[in-house]
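# Fold and contact review
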Amino acid sequence: MRSVPFEFVSGLASEFGAVECCWRESERSFTGYVAECWFTQLPSAFAAKWSAVVGYSVLVRSVAGGPGQFAVSVPVVVPQGQVVLIGGQRGGRVRVRLVR
C-alpha cells in the first residue's frame, strides 16, 4: 500500500469531476486520514484508477446528504503544515490550530 498526499488525490478527483474534496481523520485508514471526494455521478473511473495506483480498493458509497450523491474515501497523508494537533491523541479530543 502506498501513502498518497491529500493534494494529489484532490487534484486527480477534480480532473474526474469531483464537486468537493476534503480530508478527515479516520480510525479505519492505515494512514489515519482519508480524503472524502464527492461526485454527482457514480465515480467508477476514479475508483478504478485509484485502486490500480495505490494497490487497494477504495470505498465508494451512495449518500443522501452532502455536496454530491456519491462519496469516495481514499487513505491519504495529511498535508504537512496545514494543521497542528495540540494535546490529546488520535481518536480523542484535541485542539486544532491552522498554520499559514
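Everything here concerns the structure above.
In this report, we go over the structure that sits alongside the text. (Residues numbered from 1 in each chain as written. Predicted model: local features only at pLDDT ≥ 70, side-chain atom pairs only at ≥ 80, totals over all residues. Heavy atoms only, no water.)

## Looking at the layout of surface pockets
Its volume calculated, the largest pocket comes out at about 200 Å³. Around the largest pocket, the lining is made up of 13 residues, and of these Ser26, Arg28, Val34, Leu59 and Ser73 lie nearest the centre. Within the residue set of the lining of the largest pocket, elements represented by two or more residues are strand 3 (59-62) and strand 4 (70-75). Here the element with the most residues in the lining of the largest pocket is strand 4; it accounts for 3 residues. When the residues that make up the lining of the largest pocket are grouped by side-chain class, the tally is 6 nonpolar, 4 polar and 3 charged. (1 Å grid on protein atoms, 1.4 Å probe; cavity = no way out; pocket = protein on both sides within 12 Å on 5 of 7 lines; lining within 4 Å. Points joined across faces, edges and corners; volume = space filled by probe spheres on them. Helix = DSSP H or I, 4+ residues; strand = E, 2+ residues; numbered from the N terminus. Nonpolar A, V, L, I, M, F, W, Y, C, P; charged D, E, K, R; others polar.)

## Focus on the packing of aromatic side chains
One pass over the full model with this rule turns up 5 aromatic pairs. Taking 5.6 Å as the distance between ring centres and 80° as the angle between the ring planes, the aromatic pair formed by Trp23 and Tyr33 counts as edge-to-face. One end of the pair, Trp23, is in strand 1 (residues 20-25); the other, Tyr33, is in strand 2 (residues 33-39), with 10 residues separating them in the sequence. Taking relative accessible area as the criterion, Trp23 reaches 25% and is therefore assigned partly exposed. With 6.2 Å between their ring centres and 70° between their planes, Phe46 and Trp50 make a pair best called edge-to-face. Highlighted residues: Phe46 and Trp50, both in helix 2 (residues 44-54), separated by 4 residues, approximately one helical turn. Here the two residues Phe46 and Trp50 agree in accessibility, since each one is buried. An aromatic cluster of at least three residues, connected via ring pairs, comprises Phe8, Phe16, Phe39, Phe46 and Trp50. (Phe/Tyr/Trp six-rings, centres within 6.5 Å; stacked < 30°, edge-to-face > 60°. Buried < 20%, exposed > 50% of the residue type's maximum accessible area, 1.4 Å probe, protein only.)

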